Amino acid sequence: SPGTPWVNVSAEGERVLSTYPTEDRAELARWSGTSFAAATVTGAIARRMSPQLAPVGPGGRVGRRVWVSAREALGQLVEAAPRDPDGRPVLAAGP
């Protein structure tokens, strides 16, 4: 939502490809709305929160799995994200 000072991060919420159930199967359609943008942001945070292997340690041993909190994950995403005209980070959908 452009021009809203309480928004810290945003994502695309227009014409997002998603599924919807029909009587006998799932169909694809393009949808718009803040609920689709919110799903993009929370999905990106969750992906960052999943355990990642730490860098290889001394002797070539693989390090332990590293976990990050939701706050840390959001911080990493915000730091790396491009900015909108108001200077706020914009997260993109996808891998």
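Because the structure is a prediction, the values reported are computed rather than measured.

## Here we look at the packing of aromatic side chains
Alright, step 1. One pass over the structure, following the stated rule, counts two aromatic pairs.
Alright, step 2. Between the aromatic rings of Trp31 and Phe36, the centroid separation amounts to 6.4 Å while the plane-to-plane angle is 15°, which identifies the pairing as stacked.
Alright, step 3. Among the residues examined, Trp31 registers a relative accessible area of 34% and is labelled partly exposed.
Alright, step 4. One aromatic cluster is present, built from ring pairs that chain together Tyr20, Trp31 and Phe36.

## A closer look at the nonpolar core
Alright, step 1. Val9, Ala11, Ala37, Val41, Ala44, Ile45, Val68, Ala73, Leu77, Ala81 and Leu91 together form the largest nonpolar core, which totals eleven residues.
Alright, step 2. Elements with a contribution of two residues or more to this core: α1 (34-49) and α2 (70-80).
Alright, step 3. Counting residues per element, this core draws most heavily on α1, at four residues.
Alright, step 4. Once residues lying within four places of it in the same chain are set aside, the contact partners of Leu91 are Val9, Ser10, Ala11, Glu12, Thr40, Val41, Ala44, Leu77 and Ala81.

## Topic: the packing of α1 against α2
Alright, step 1. Where α1 meets α2, the axes come as close as 8 Å, and the angle between the chain directions of the two elements is 110°. Looking at the two axes, α1 sits roughly perpendicular to α2. Here α1 contributes Ala44, Ile45, Arg48 and Met49 to the contact with α2, which in turn contributes Ala70, Ala73, Leu74, Gln76 and Leu77.
Alright, step 2. Among the residues making up the contact of α1 with α2, the classes are represented as seven nonpolar, one polar and one charged.

Rules used throughout
- Residues numbered from 1 in each chain as written.
- Predicted model: local features only at pLDDT ≥ 70, side-chain atom pairs only at ≥ 80, totals over all residues.
- Heavy atoms only, no water.
- Phe/Tyr/Trp six-rings, centres within 6.5 Å; stacked < 30°, edge-to-face > 60°.
- Buried < 20%, exposed > 50% of the residue type's maximum accessible area, 1.4 Å probe, protein only.
- Core = buried A, V, L, I, M, F, W, Y, C linked by side-chain atoms within 4.5 Å.
- Helix = DSSP H or I, 4+ residues; strand = E, 2+ residues; numbered from the N terminus.
- Contact = heavy atoms within 4.5 Å.
- Axes fitted to C-alpha atoms, helices over the stretch in contact; angles between N-to-C directions.
- Parallel < 35°, antiparallel > 145°, perpendicular 65-115°, else oblique.
- Nonpolar A, V, L, I, M, F, W, Y, C, P; charged D, E, K, R; others polar.

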